[in-house]
Amino acid sequence: MPKLAAQPQSIDFDIARTALVIIDMQRDFLEPGGFGESLGNDISLLRNAVAPCAVVLEAARAAEMLVIHTREGHLPDLSDAPPSKISRGQPSKRIGDIGPMGRILIRGEPGQDIIPELYPLPNEVVIDKPGKGAFYATEFGDVLKKHAIETLLVCGVTTEVCVHTTVREGNDRGYRCVVLGDCCASYFPEFHEAGLRMVRAQGGIFGWVSNSRQLLTALADV
Ligand code: C5J
């Protein structure tokens, strides 16, 4: 069984019971004119995670690991979007408004899709989620159970929002959640660092933190 170097301690994982989970690497968060930019964020900060994610995605595919992509987004009639989420803040465009990549954060629009660099293969699972966490109001938990998954290798954006929410949800459900730190990013570098520290503090209160290089090393030993 491969051993992944991680903090606060290394962790063994069974490839057949492990899923690579790539959270919300969507055009709406990473490209100009999307949801992330409408909130006033510097979207260039999220690009740091793209190359490491591409490397681990390729390695997971080669190892025949289960790969799951998530996309935050809402139904076109906004029936799954709480008014409190739509009306919050002072964005230049709100969820459902029309932008250069179609309606902001709406399922089926170009902006809601995954960036080309990490585009899912036809056999990979794509979970559309209305919330920040991948478990809430989705089939994610059922997919994990169907594949007898025990360990989640978690990548994506943003570290302190959707990655953290998913890891907290997963941890409470008994999954061993390993955050691959360099495969995650935030519009706030200090939140990214603090988010990783929170996961691994107190003996790994929510899980483990590792990185793309350490995962590649672990998979090379198989
Ligand atoms: C946010 C996410 N930040 N994917 N979504 O609204 O982290």
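Residue positions are given per chain, counting from 1 as you read along its sequence in written order. Only residues with pLDDT of at least 70 get local features here, since the model is predicted, and only at 80 or more are side-chain atom pairs given and counted; chain-wide, interface and lining totals rely on the full set of residues. Note that water and hydrogens are dropped before the side-chain values are worked out from all heavy atoms of the structure.

Draft legend 1. Unusual backbone geometry, seen in detail. Of note, the amide linkage connecting Gln7 to Pro8 takes the cis form, showing an omega dihedral of 5°. Cis geometry is adopted by the peptide bond preceding Thr158, which originates at Val157 and carries an omega value of -10°. Residue Asp24 is not a glycine yet carries a positive backbone phi of 55°. Helix and strand labels come from DSSP, where a helix needs a run of H or I of at least four residues and a strand needs a run of E of at least two; each type is numbered from the N terminus. For Asp24, the position within the fold is in the loop between β3 (18-23) and α1 (27-30). At Ala137, a residue that is not glycine, the phi angle is positive and equals roughly 60°. Tracing the backbone through its elements, the reader meets Ala137 in the loop between β7 (125-129) and α5 (140-146). In this scheme, a residue with accessible area under 20% of its type's maximum is buried, one over 50% is exposed, and one in between is partly exposed, where area comes from a 1.4 Å probe on protein chains only. Exposure remark for Ala137: the relative accessible area of 55% places this residue in the exposed category.

Draft legend 2. Local environment of the packing of helix α6 (residues 159-172) against helix α7 (residues 189-204). Note on method: axes are straight lines fitted to C-alpha atoms, helices fitted across the in-contact stretch only, with angles between N-to-C directions ranging 0 to 180 degrees. Running from N to C, α6 and α7 point in directions that differ by 15°, and their axes come no closer than 10 Å. As far as their axial angle goes, α7 and α6 are roughly parallel. Crossing of α6 over α7 shows right-handed handedness. Taken together, the residues of α7 that come into contact with α6 (itself represented by Thr159, Glu160, His164 and Arg168) are Phe191, His192, Gly195, Leu196, Met198 and Val199. The cut-offs work like this: below 35 degrees is roughly parallel, past 145 is roughly antiparallel, 65 to 115 is roughly perpendicular, and the gaps in between are oblique. With the far helix as reference, a near helix turned anticlockwise by less than a right angle produces a left-handed crossing, and one turned clockwise produces a right-handed crossing. Should any heavy atoms of two residues lie within 4.5 Å, those residues are considered in contact.

Draft legend 3. The arrangement of the nonpolar core in detail. Judged by nonpolar contacts, the single largest core of 41 residues is most densely connected at Leu20, Met25 and Leu180. Counting residues per element, the ones that place at least two in this core are β3, α1, α3 (50-62), β8 (151-157), β9 (176-185) and α8 (212-220). Of the residues forming this core, the biggest block, 6 residues, is contributed by α3. For our purposes a nonpolar core is just a set of buried Ala, Val, Leu, Ile, Met, Phe, Trp, Tyr and Cys residues, chained together by side-chain atoms within 4.5 Å. Leu66, Ile127, Ile149 and Cys177 belong to the second-largest nonpolar core, a separate cluster that totals 26 residues.

Draft legend 4. Summary view of the packing of aromatic side chains. When two rings of Phe, Tyr or Trp (its six-membered ring) have centres within 6.5 Å they constitute a pair, described as stacked for plane angles under 30 degrees, edge-to-face for angles over 60, and tilted for the intermediate range. Taken as a whole, this structure holds 4 aromatic pairs when the rule is applied. Ring centres 6.0 Å apart and planes at 80° place the aromatic pair Phe29 and Phe35 in the edge-to-face group. By relative accessible area, Phe29 is classed as buried at 7%. Taking the relative accessible area as the measure of exposure, Phe35 reaches 10% and is therefore buried. On the numbers, 4.7 Å between centres and 35° between planes, the contact of Phe188 with Phe191 is tilted. For Phe191, a relative accessible area of 38% corresponds to the partly exposed category. What links up through ring pairs into an aromatic cluster is the set Phe135, Phe140 and Tyr175.

Draft legend 5. Inspection of the sheet that holds strand β4 (residues 66-72) at higher detail. Any two strands with at least two DSSP-identified bridges between them are counted as paired. The strand order across the open sheet formed by 6 strands is β7-β4-β3-β8-β9-β10, and the pairing between neighbours is parallel. On the outer flanks of this sheet lie β7 and β10 (208-210), each paired with one strand and no other. Between one strand axis and the next, the sheet turns through 25° on average, direction left out of account. The pairing of β8 with β9 spans 6 bridges and is classified as parallel. Counted as the bridge partner of Val154 is Val179 from β9.

Draft legend 6. A look at the layout of surface pockets. Computed from the structure, the largest pocket encloses a volume of approximately 380 Å³. Among the elements of the structure, α4 (83-86) and α6 are those that each provide at least two residues to the lining of the largest pocket. Looking at the lining of the largest pocket element by element, the count peaks at 3 residues for α6. Here the residues of the lining of the largest pocket sort into 11 nonpolar, 3 polar and 7 charged. Cavity: a set of points on a 1 Å grid over the protein atoms alone where a 1.4 Å probe fits but cannot get out. Pocket: an open set with protein on both sides within 12 Å along at least five of seven lines, its lining residues, like those of a cavity, having an atom within 4 Å of a point. Grid points are joined across faces, edges and corners, and a volume is the space filled by probe spheres set on the points. In this structure, the second largest pocket spans a volume of roughly 180 Å³. Lining the second largest pocket are 13 residues; nearest its centre among them are Glu64, Met65, Leu66, Val67 and Asn123. Its residues assigned to classes, the lining of the second largest pocket comprises 7 nonpolar, 3 polar and 3 charged. Asp, Glu, Lys and Arg are counted as charged, while Ala, Val, Leu, Ile, Met, Phe, Trp, Tyr, Cys and Pro are counted as nonpolar; the rest, among them Gly, fall into the polar class.

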